[in-house]
Amino acid sequence: MMKRKSAPTNLESVDYHAVGVSSESELNPFRIAQRQLDDAAKILKLDPAIHELLRWPIRELHVALPVRMDDGSTRVFHGFRVQYNDARGPCKGGIRFHPEETVDTVRALAAWMTWKTAVVDIPLGGGKGGVICDPRELSQGELERLSRAYIRQVGRILGLEKDVPAPDVYTTPQIMAWMMDEFAFMQGYNEFGMITGKPLALGGSQGRGDATARGGVYCVREAAKVLNLSLQGATAAIQGYGNAGTFAHQLGVDMLGLKIVAVSDSKGGIYNKAGLDYKAVMAHKQQTGSVIGFKDADSITNLDLLELPVTILFPSALENVIRKENAPKIKAKIVAELANGPTTPDADPILYENGVQVLPDFLCNAGGVTVSYFEMVQNAYDYYWDLKTVHERLDTKMTAAFHAVHEMAQKYKVHNRLAAYLVAVNRVAEAMRLRGWA
Ligand code: GLU
């Protein structure tokens, strides 16, 4: 039974096994995360103990969750919470509800959160959670009971001084509200700051909804400046039409003047060289559950969308969609990674040699966690900022992070992802050294 219209969508899934022939172990996200770190460790001449500590999560919890289904049966779901590193502050990172979730994916995402909070220089560590489930097949009641069951098991290692979750793939502000409420019952008092991405009425922050895409848009603006690229009227394509993808469409047009010629979701894509109107496409998706079948456009596959001759490409879905097989065919000048892990390590040098500017995921999509941090600060003070203040402070953080990475890339003559690693790993390693961990 599909409840597509009410389903919680954030980042949409694409068929990421369909791109080519890369082997399974090459595509294991945790192996990828370790490989990326190893490259940075070599250049930084990282202390071997610090390096080894950074290759693994500090701790992780695996849970089994019994959930009463609407038909009276009980189904057992499996979930994880990985706390990767908390040297710079409490662990921070979203919770994904996805049918293909694996602990290695959660580990990789928790590692990337560690680099993400470090690259934007907010006083937090990295963590991630996941539950193997397909929320599109659950009723609202089942989804609520699953969300509460997750907190009953994982709540013991959460808290605003320990580990603070947030929304991610297929989890929403409503799910955050249920989780916060369950945690309040466990503690005996409200602790709003234990989770972020909450609805405004329950301690959420202004500007959290579009923060991931907005942060990416600030990054693209800065990249265009250093590349001397004019964005007004430039073309763009967006893969994924969840939270990040839809807001990238809207803000790409409204803030950068981009012409978005193609967008896609897990079911397929649409293309119109004259540009796609975001209000009309969003209304169509709202009505039908997908962007496909939109009247003013031709259809295009998720894979062909990546290879369009556009100025900006926004991969905004899942991992491993740009690989060594299709990297030589990417024609975009800037690849702005709003998804986590869309590009494999074998693809990075190919893009770099072809002069494609990659804005790496943990820089480009750090706007979400940055406004989550603002939300924690506001919860702690019980005093809330207006939207303008949130936007200004987000802009300051993203602009500084972009330039720190850009300068590192120039200095070491490396691609932006490696440069972002150099900035982030340095900061985490310094905190670990100062704490006496190695
Ligand atoms: N899930 C988002 C991410 O991958 C946001 C995390 C957060 O706000 O803590 O960055």
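Conventions used here
Residues numbered from 1 in each chain as written. Predicted model: local features only at pLDDT ≥ 70, side-chain atom pairs only at ≥ 80, totals over all residues. Heavy atoms only, no water. Helix = DSSP H or I, 4+ residues; strand = E, 2+ residues; numbered from the N terminus. Rg over C-alpha atoms; globule rule 2.2 N^0.38 Å. Contact = heavy atoms within 4.5 Å. Areas by Shrake-Rupley, 256 points an atom, 1.4 Å probe, with all protein chains shown as cover. Lys, Arg positive; Asp, Glu negative; His and termini not counted. Charge placed at Lys NZ, Arg CZ, Asp CG, Glu CD. Near = heavy atom within 4 Å. Polar contact = N/O pair within 3.5 Å; in protein donor to acceptor, adjacent residues only side chain to side chain. Salt bridge = Lys/Arg side-chain N within 4 Å of Asp/Glu carboxyl O. Axes fitted to C-alpha atoms, helices over the stretch in contact; angles between N-to-C directions. Parallel < 35°, antiparallel > 145°, perpendicular 65-115°, else oblique. Nonpolar A, V, L, I, M, F, W, Y, C, P; charged D, E, K, R; others polar. Pairing = 2+ DSSP bridges. Core = buried A, V, L, I, M, F, W, Y, C linked by side-chain atoms within 4.5 Å. Buried < 20%, exposed > 50% of the residue type's maximum accessible area, 1.4 Å probe, protein only. Expected span 1.5 Å × (residues − 1). Phe/Tyr/Trp six-rings, centres within 6.5 Å; stacked < 30°, edge-to-face > 60°. Lys NZ or Arg CZ within 6 Å of the ring centre and 35° of its normal.

Q: Could you give an account of the overall build of the protein chain, with specific residues and numbers?
A: From N to C terminus, the protein chain includes 14 helices and 13 strands. The C-alpha radius of gyration computed for the protein chain amounts to 20 Å, which stays within 12% of the reference 22 Å derived for 438 residues, consistent with globular compactness. Its C-alpha atoms put the protein chain at 55 × 55 × 45 Å along the principal axes. Within the protein chain, residue pairs in contact and separated by at least 24 positions form 73% of the contacts whose partners lie at least 6 positions apart. For the protein chain, the exposed area adds up to about 16700 Å²; of that, 52% sits on carbon and sulfur atoms. Positive and negative side-chain charges of the protein chain, numbering 49 and 49 respectively, have mean locations separated by a distance of 2 Å.

Q: Summarise the site of the ligand; cite the residues concerned and give the values.
A: Close to the ligand lie 14 residues, the nearest being Lys92, Lys116, Pro167, Asp168 and Ser372. Asp168 has a polar side-chain atom sitting 2.7 Å from a nitrogen atom of the ligand. Contact between the ligand and Arg208: an oxygen atom at 3.0 Å from a side-chain N or O atom of the residue. Summarising the interface, the protein chains cover 94% of the accessible area of the ligand, which totals 290 Å² for the free molecule. Every element with two or more residues in the shell around the ligand is listed here: helix 3 (103–119) and helix 12 (367–381). Among the elements that take part in the shell around the ligand, helix 12 stands out by supplying three residues, more than any other.

Q: Describe in detail the environment of Ala87, supporting the description with residues and values.
A: Along the chain, Ala87 turns up in the loop between strand 2 (74–85) and strand 3 (91–92). Sequence separation between Ala87 and Ile58 is 29 residues; the distance between their C-alpha atoms is 10.0 Å. Not counting chain neighbours up to four residues away, the residues in contact with Ala87 comprise Val428, Ala431, Met432, Arg435 and Trp437.

Q: Tell me about the environment of Asp265, and name the residues and values.
A: Mapped onto the fold, Asp265 is located in strand 8 (residues 259–265). Taking the C-alpha atoms as reference points, Asp265 and Glu52, separated by 213 residues in sequence, lie 38 Å from one another. Of note is the side chain of Asp265, whose polar atom sits 2.9 Å from the backbone nitrogen of Lys267. A distance of 3.0 Å separates the side chain of Asp265 from the side chain of Ser290, its partner in a polar contact.

Q: Residues and numbers for the pattern of salt bridges, please.
A: Counted according to the given criterion, the structure contains 28 salt bridges. A salt bridge links Arg55 to Asp38, with the shortest nitrogen-to-oxygen separation between them at 3.0 Å. Separated by 17 residues along the polypeptide, Arg55 in the loop between helix 2 (48–54) and strand 1 (59–68) and Asp38 in helix 1 (residues 29–44) bring together distant segments of the chain. Several salt bridges converge on common partners, so that one network encompasses Glu144, Arg148, Arg152, Asp181 and Glu182.

Q: Can you lay out the packing of helix 3 against helix 14 (residues 416–435) for me, pointing to particular residues and giving the numbers?
A: When two helices pack together, you describe them by how their axes are tilted relative to each other and by the distance separating the axes. Interaxial distance between helix 3 and helix 14 falls to 8 Å at its minimum, and their mutual angle equals 90°. For the element pair helix 3 / helix 14, the angle class is roughly perpendicular. Note on element contacts: helix 14 touches helix 3 through Ala420, Tyr421, Val423, Ala424, Val425, Arg427 and Val428, opposite Trp112, Thr114, Trp115, Ala118 and Val119. Class assignment for the residues of the contact of helix 3 with helix 14 results in ten nonpolar, one polar and one charged.

Q: Report on the pairing of strand 1, specifying residues and quantitative values.
A: For strand 1 and strand 2, the ladder comprises ten bridges, and the chain directions are antiparallel. Residue pairing across strands places Val63 opposite Gly79, the latter belonging to strand 2. In sequence, strand 1 turns back onto strand 2 through a hairpin of five residues, with Gly72 there showing a positive phi of about 95°.

Q: Mind laying out the nonpolar core, listing which residues take part and the relevant values?
A: Generally speaking, soluble globular proteins have nonpolar side chains that are buried together. Counting 91 residues, the largest nonpolar core has Leu54, Trp115, Leu258, Val263, Ile312, Phe314 and Leu359 as its most contacted members. Here the element with the most residues in this core is helix 14; it accounts for twelve residues. Not counting the four nearest positions on each side in its chain, Phe314 is found in contact with Val220, Ala236, Ala237, Ile238, Gln239, Ala248, Leu258, Ala336 and Leu338. Formed by 29 residues, the second largest nonpolar core is a distinct cluster that contains Cys133, Leu138, Ala149 and Ile157.

Q: For unusual backbone geometry, give the residues involved together with the corresponding values.
A: The backbone phi angle of Lys45 is positive, close to 50°, even though this residue is not glycine. Mapped onto the secondary structure, Lys45 falls in the loop between helix 1 and helix 2.

Q: So what's going on with the pairing of strand 2? Residues and values would help.
A: By the bridge criterion, seven bridges tie strand 2 to strand 5 (residues 126–132) in an arrangement that is antiparallel. Bridge pairing in strand 5 links Phe80 to Gly130.

Q: Any chance you could break down helix 14 for me, citing the residues and the numbers?
A: For helix 14, which comprises 20 residues, the first-to-last C-alpha distance of 29 Å matches the rise-based estimate of 28 Å (1.5 Å per residue) to within 8%. Most of helix 14 sits out of view: 14 of its 20 residues are buried. Immediately beyond the C-terminal end of helix 14, within one or two residues, lies Gly436, with a positive phi of roughly 85°.

Q: Report on the packing of aromatic side chains, specifying residues and quantitative values.
A: Going through the model one piece at a time under the given rule, you end up with five aromatic pairs. Relative to Phe374, the ring of Tyr373 lies with its centre 6.0 Å away and its plane at 45°, an arrangement referred to as tilted. When its relative accessible area of 4% is taken as the criterion, Phe374 is described as buried. A connected cluster of aromatic rings, assembled from ring pairs, spans Trp115, Phe362 and Tyr421. Above the ring of Phe30, the side-chain terminus of Arg107 is found at 5.9 Å from the ring centroid. Directly above the ring of Trp385 sits Arg393, whose terminal nitrogen or CZ lies 4.4 Å from the centroid.

Q: Before we move on, could you go through the environment of Ala149 and cite the residues and values that matter?
A: The residue Ala149 is located in helix 4 (residues 140–154) in this model. When the C-alpha atoms of Ala149 and Leu65 are compared, they prove to be 5.9 Å apart, with 84 residues separating the residues in sequence. With near-sequence residues (within four places) excluded, Ala149 lies in contact with Leu65, Pro66 and Val67.

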